Amino acid sequence: MLNVPPQAFPAPSSQQRVAAGGRAKVPLKPGRSLMDWIRLTKSGRDLTGLKGRLIEVTEDELAKHNKKEDCWICIRGFVYNVTPYMEYHPGGEDELMKAAGADGTDLFDQVHRWVNYESMLKECLVGRMAVKPIAAPKGMLPEKKVLGASARDLTPSYDWFQTDSLITIVIYTKQKDMNAELVIVDCEDKRLRGEIVDDHSYLVEVDLDHAVQEDVAVNIAEKVGKVEIILKKKDNIHWKMLGQALESHNTFIKRTERGLFYRKCKLVSKTEVTHDTKLLCLMLPRSTHLCVPVGQHIYLKQTIAGTEVVKPYTPVLPFLPLDFKEPPRHDGAHLYLMIKMYSCGLFTQALDHLQIGDYISVSNPEGNFKKSQVQTSEDLFLLAAGTGFTPMVKLLNFALTEVGCLRTVRLIFFNKTEDDILWRNQLEQLALKDERFEVQFILSQPAKDWVGKQGKISSSLLSECVKRSRKDSKVLICICGPTPFTEQGVQYLKDLGYSQEEIHTFTA
Ligand code: FAD
Ligand code: NAP
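Asks: Run through the environment of Ala508, naming residues and quoting values.
Replies: Within the secondary structure layout, Ala508 lies in the segment after β28 (503-505). Judged by its relative accessible area of 40%, Ala508 falls in the partly exposed class.

Written out as structure tokens, the structure is:
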């Protein structure tokens, strides 16, 4: 479904367009990049054919617009005429046509609910569904509580109390294994948002009765599942109430049904990692409590030529800790992102132009990786290509620090040239320091003097590099890189006899 179209990426002839399965991107005609689309939306052209009017659309009316040359799609109760967008959709016209004349909400959410279609398609808005909206607009209608006796028993609840100087909100999560990664708190001006996230999301969202100070404390009683959010009153007055409930306050819904929340973070440093890759350090607001779990990514949002564009990035550590005896000090106040700046990249060019002190919107974390996947592993293999290295950083640190049964960790790192290898020195030092860790660099376009391995991901290469340390050892193989690289890797591994449960791919 709707996707943020890369400019000319992958290049029309690139293998990256020929995905082995799953969601292949299709070649876009020249002049059909995201930037071209943004230009078209700003051109003043009537893209809906309704001369700027917004109408109420019945289901019958929607169903009539089901052809490529006349295609309307409903997403969360809003109807868009996507006919002019057809040729700009990187997933291809056929993918878009799957929802022609119908409600595309589920399809959209399955593929990439994070894409900010509201901004991308605002000039294509025809109107709202009449009578009964097919799906609730994100955050517009009251969200359902999870039904069913057992789910109801697990529904968290909250309470609050005050002293002269403090307001404490207590969330009873009814979860025994609470931890800091499951609690996300933001407080901007008087708006407090406290979310408990796991497979479900519980939200406390209020417009506070009075102003509070910037620093917010979060206490977690892990065993009993109690979370305290402690706010400092600006004025020592007695509050009659906590505040006004906002629309999603006190709701408990599936995590995937909750809209992404963004807060503005300050760029505090930008350092070179390689000739084209930089380490960006973003500072979270003092009133934000957010930790990005291992294997998860965040979304960055920027307004480019008047359109909001969103891209995923996987936070890393500021460096690879070499002393694994102690878990590294958790630094929740900063996010480190290792980002390759593409010379023709729409988003990364805009990022590269950010100055120290500028702000950028950062979303809540998302991702399909669970620590439990690695907790029982004896052999861990990390297959990374280019910036596909980023999810491996925290994973490597977590595995070497906290997975007791681990015997080997092997990073097989694919790059074009030596100059492209990220954190090569640190990886080599780590391999010297920790005998469980081994790194192998494989170059696809090496210089003549490269004495290491060369080539691309292949069955023979994987059969050579990925081997159980013992006949029956528990293995986890994590893969990340360009989509075709990942898809080919999975196929080769399956052909070599590894099961689906033994392979993890990172996706958005
Ligand atoms: P686009 O405008 O989409 O276009 C790309 C242009 O750049 C093309 O014209 C081409 O010339 C060039 N280009 C792009 N990719 C390639 C390539 N592979 N080879 C050659 N040329 C290319 N990226 C990071 O740098 N760090 C991360 O931590 C990170 N995490 C991610 C996590 C997830 C879950 C996913 C799905 C992606 C992640 N990415 C990461 C990729 C990131 O989201 C963007 O796709 C990337 O930054 C390119 O965005 P862009 O708008 O600048 O490029
Ligand atoms: P790159 O430098 O272009 O490529 C790195 C290595 O992968 C090179 O050896 C390259 O060989 C090889 N490669 C590229 N495309 C391939 C293909 N189709 N089949 C087999 N090998 C291929 O990589 P990059 O620019 O850093 O891109 C990294 C990718 O990782 C991006 O697509 C990004 O979106 C993705 N990523 C995903 C996540 C996630 O969590 N899902 C996180 C970070 C990054 P060649 O010489 O043949 O090009």
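Asks: If you had to explain the site of ligand 2 to someone new, which residues and values would you point to?
Replies: Taken together, the neighbourhood of ligand 2 is formed by 23 residues, with Tyr342, Lys416, Ser444, Gln445 and Lys456 sitting nearest. One of the side-chain N or O atoms of Ser444 is found 2.6 Å from an oxygen atom in ligand 2. Across the complex, the protein chains shield 82% of the 920 Å² of accessible surface that ligand 2 would expose by itself. If you tally residues by element for the shell around ligand 2, the top one is helix α12 (residues 483-495), at 3 residues.

Asks: Account for the sheet that holds strand β17 (residues 277-283), with residues named and values stated.
Replies: Spatially, 7 strands are ordered β19-β18-β22-β16-β17-β21-β20 in an open sheet, and the strand pairing comes out antiparallel. Each edge of the open sheet is held by one strand with a lone partner, namely β19 (307-313) and β20 (315-316). Sheet strands in contact with helix α1 (residues 34-42) are β18 (298-304) and β19, and its direction is about 160 degrees off that of β19.

Asks: Give me the side chain of His289: which residues, what numbers.
Replies: Along the chain, His289 falls in the loop between β17 and β18. Within the structure, the side chain of His289 is placed 2.9 Å from the backbone oxygen of Val183, a separation counted as a polar contact. If sequence neighbours within four positions are ignored, His289 has contacts with Ala180, Val183, Ile184, Val185 and Val218.

Asks: Could you give an account of the side chain of Thr486, with specific residues and numbers?
Replies: Within the secondary structure layout, Thr486 lies in helix α12. When sequence neighbours within four positions are dropped, the list of residues in contact with Thr486 reads Ile479, Cys480, Gly481 and Thr505.

Asks: Mind laying out the packing of aromatic side chains, listing which residues take part and the relevant values?
Replies: Aromatic rings considered in pairs are described by the distance between their centres and by the relative angle of their planes. Counting across every chain of the model gives 10 aromatic pairs. Here Trp37 and Tyr88 contribute two aromatic rings whose centre-to-centre distance is 5.1 Å and whose plane-to-plane angle is 55 degrees, an arrangement assigned as tilted. Taken together, the residues span a long stretch of sequence, with Trp37 in helix α1 and Tyr88 in the loop between β4 (78-81) and α3 (93-97) at a distance of 51 residues. For Trp37, a relative accessible area of 0% puts it in the buried group. A ring pair is formed by Phe414 and Phe485, whose centres lie 5.1 Å apart and whose planes are at 70 degrees; its orientation type is edge-to-face. Of this pair, Phe414 sits in strand β24 (residues 408-415) while Phe485 sits in helix α12, and the two are 71 residues apart along the sequence. Like Phe485, Phe414 is buried. Counting every residue linked through ring pairs, the aromatic cluster contains Phe389, Phe413, Trp423 and Phe441. Just above the ring of Tyr262 sits the side chain of Lys301; from NZ or CZ to the centre is 4.1 Å.

Asks: Would you mind going over the pairing of strand β27 (residues 475-480) in detail, with residue names and values included?
Replies: The buried count for β27 comes to 6 of 6 residues, which makes it a mostly enclosed element. Residues Val475, Ile477 and Ile479 point to one face of β27 and Leu476, Cys478 and Cys480 to the other, with burial holding for every one of them. In the sheet, strand β23 (residues 379-385) pairs with β27 via 6 bridges, with the strands oriented parallel. Bridged to Leu380 within β27 is Leu476. Bridge count between β27 and β28: 3 bridges; the pairing is parallel. What sits directly across from Ile479, in β28, is Thr505. Taken together, β27, α12 and β28 form a β-α-β motif whose crossover is right-handed.

The rules behind the values
Residues numbered from 1 in each chain as written. Chains lettered and ligands numbered in written order. Predicted model: local features only at pLDDT ≥ 70, side-chain atom pairs only at ≥ 80, totals over all residues. Heavy atoms only, no water. Helix = DSSP H or I, 4+ residues; strand = E, 2+ residues; numbered from the N terminus. Buried < 20%, exposed > 50% of the residue type's maximum accessible area, 1.4 Å probe, protein only. Near = heavy atom within 4 Å. Polar contact = N/O pair within 3.5 Å; in protein donor to acceptor, adjacent residues only side chain to side chain. Areas by Shrake-Rupley, 256 points an atom, 1.4 Å probe, with all protein chains shown as cover. Pairing = 2+ DSSP bridges. Contact = heavy atoms within 4.5 Å. Axes fitted to C-alpha atoms, helices over the stretch in contact; angles between N-to-C directions. Phe/Tyr/Trp six-rings, centres within 6.5 Å; stacked < 30°, edge-to-face > 60°. Lys NZ or Arg CZ within 6 Å of the ring centre and 35° of its normal. Right-handed = clockwise from strand over helix to strand, strands pointing away.

Read these as geometric descriptors, not functional statements.
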